[in-house]
2 protein chains.
Amino acid sequence: MAQNDTVTRILDTAEVLFAERGFAETSLRTITSKAKVNLAAVNYHFGSKKSLIQAVFARYLDPFTERFHGALDELERRYRGEAIPLEELLETMARSVLEVPAERNSLKVFMRLLGLAYSQAQGHLRRYIQEEYGSVFTRFTDLIRQATPELPDAERFWRLHFVLGTVIFTLSGLDALRDIAEKDYNEHVTVRDLVRRLRPVVVAAMQAPLPAPAPAGVREA
Amino acid sequence: MAQNDTVTRILDTAEVLFAERGFAETSLRTITSKAKVNLAAVNYHFGSKKSLIQAVFARYLDPFTERFHGALDELERRYRGEAIPLEELLETMARSVLEVPAERNSLKVFMRLLGLAYSQAQGHLRRYIQEEYGSVFTRFTDLIRQATPELPDAERFWRLHFVLGTVIFTLSGLDALRDIAEKDYNEHVTVRDLVRRLRPVVVAAMQAPLPAPAPAGVREA
DNA sequence: TCCGGTAATAAACATTTGTTTCAAACGTGG
DNA sequence: CCACGTTTGAAACAAATGTTTATTACCGGA
């Protein structure tokens, strides 16, 4: 199990360094020295730095998509054709996201990586994630559509990304925010705690009244 | 006005490149060649790449904080001691943010930069922004507190960051999202449009019902 | 006109980056 | 025990980065 050990050690080290500093700011030498493996091991086992980055994501997203697909199967079975309630869908998504990294106590790393995947330009990453894991997201949004028939399609699209932003932003910046919260309110906040606080906010956001119609004839660059 | 021209050209070019690719991924050579100035000009006028990054932010944040402070002064004068309504505060913040880059039609650049400032590790940037512009944020949160006396302090703290996440996440990833939205819904979305959609969602999020109390005795790693 | 400092330029600098090379060590199946 | 494919190791590679150095060009005031 020598090669497996090396591969795992590289992945374990890389994911926390990536999460802390971003991809471009993390050199292979930093990773390999901290992981106590040879520099060439990365190119030997993964081929390139880009592939290493993708492998880091795959290790989270592969189990996640599997679990999530399973959970959605179960939900659809339970509701047999009827629309699944919105809160049930959100709850299921939350549970699936939480379960995967829970096995390694690395939720904040996972969330930070997700945040980077969005913000970071890194064209190849977005393309990779989209191609590899786009289908499960499509399935989820389809179910969301059936659960919120009163929303116009475009409005639902944007609201989904609004709440996605809330969750990723909050959980990926959790450490910094937690420090402030503890200092100011003397309250130790757990992830469970945050999810509990998130729930009513997310639901309220999705069910907010529709915006006033756009004023006509206003141009913008 | 030769030196001013060079300085401005560097800033103009740097800000769009930074916004497109991030800081580490944008080299001084790319900036200077695109701006048609000499490579050494950056170090001559700004001292270092770090200082250039800070200067890019200062060019947005200095006018913003001035306008925002002014707008808050005006609000406080209008309400003379009484609590300013939440929506008025949010509206004022939105207007101040929108006004500054409007002068150069570069709102998306500004937003992307804000998003990078959060997501990007770049320790020096966070510290710089915090030290230089933290006070206006403190003033704003104080007013928000007076506008939402029904919220427990901790709850308000988290909700503020929830909606901050929504806004920054959405607007900083605007280009990518816009592409999807246009492809799927054949709808060209402007920033004004997004702000209009954001408003009811943000208000609903801040006013959502309080979460169920935390279950007692549940431990977590 | 000439001087003085400011700015622009080209070249070189020292580091750091990802990647490649090739030899040595390893381990497993015959 | 030997041979062979796999993995590790140290070193070198080319390319790219931020920064510095001299040198030249510029330009307004004495």
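Higher on the page you've got the structure.
If you're wondering where the values come from, they're calculated on a predicted model, not measured in any experiment.

J.: Would you mind showing me how to read the relation of the copies chain A and chain B here?
T.: Related by rotation about an axis and a shift along that axis, the two copies of the chain form a pair. When chain A is brought onto chain B, the operation consists of a screw motion whose angular component is 179° and whose axial shift is 0.3 Å, with 0.6 Å RMSD remaining. In symmetry terms, the pair is related by a two-fold rotation axis. A share of 98% of the interface residues of chain A reappears at the interface of chain B, consistent with the copies meeting face to face through the same patch.

J.: How should I be thinking about a negative patch on the surface in this particular structure?
T.: All names here are of chain A. On the surface, a cluster of negative charge is made up of D62, E66, E131 and E132. Counting residues per element, the ones that place at least two in the negative patch are α4 (49–79) and α7 (123–147). The topology assignment puts D62 in helix α4.

J.: For this particular structure, what's the right way to read the packing of α4 of chain A against α7 of chain A?
T.: How two helices sit against one another is set out by the angle between their axes and by the gap between those axes. All names here are of chain A. At a minimum axis separation of 10 Å, α4 and α7 run at an interaxial angle of 10°. By the angle between their directions, the pair α4 and α7 is classed as roughly parallel. Here the contact of α4 with α7 is composed, by residue class, of 13 nonpolar, five polar and five charged.

J.: I tried to follow the interface of chain A and chain B on my own but got confused; where do I start?
T.: Often, the extent of an interface is quoted as the loss of accessible area upon association of its parts. The interface of chain A with chain B comprises 55 residues on the first partner and 55 residues on the second. Taking both partners together, chain A and chain B bury about 4600 Å²; carbon and sulfur atoms supply 70% of that area. Put simply, chain A and chain B have two salt bridges between them. Note that R197 of chain A and E155 of chain B form a salt bridge whose closest N and O atoms lie 2.8 Å from each other. If you look at where chain A meets chain B, you find seven residue pairs in polar contact (both at pLDDT 80 or more). Counting residues per element, the ones that place at least two in the side of chain A that touches chain B are α1 (2–21), α6 (107–119), α8 (153–172), α9 (174–185) and α10 (191–206) of chain A. Here the side of chain A that touches chain B takes 14 residues from α8 of chain A, the largest share from any one element. Grouping the constituent residues of the side of chain A that touches chain B by class yields 32 nonpolar, eight polar and 15 charged.

Conventions and cut-offs
- Residues numbered from 1 in each chain as written.
- Chains lettered and ligands numbered in written order.
- Predicted model: local features only at pLDDT ≥ 70, side-chain atom pairs only at ≥ 80, totals over all residues.
- Heavy atoms only, no water.
- Least-squares fit on C-alpha atoms with pLDDT ≥ 70 in both.
- Contact = heavy atoms within 4.5 Å.
- Patch = residues over 30% accessible without salt bridge, like charges linked within 9 Å, V, L, I, M, F, W, Y side chains within 5 Å.
- Areas by Shrake-Rupley, 256 points an atom, 1.4 Å probe, with all protein chains shown as cover.
- Salt bridge = Lys/Arg side-chain N within 4 Å of Asp/Glu carboxyl O.
- Lys, Arg positive; Asp, Glu negative; His and termini not counted.
- Charge placed at Lys NZ, Arg CZ, Asp CG, Glu CD.
- Helix = DSSP H or I, 4+ residues; strand = E, 2+ residues; numbered from the N terminus.
- Axes fitted to C-alpha atoms, helices over the stretch in contact; angles between N-to-C directions.
- Parallel < 35°, antiparallel > 145°, perpendicular 65-115°, else oblique.
- Nonpolar A, V, L, I, M, F, W, Y, C, P; charged D, E, K, R; others polar.
- Buried area = accessible area lost by both parts, 1.4 Å probe.
- Polar contact = N/O pair within 3.5 Å; in protein donor to acceptor, adjacent residues only side chain to side chain.

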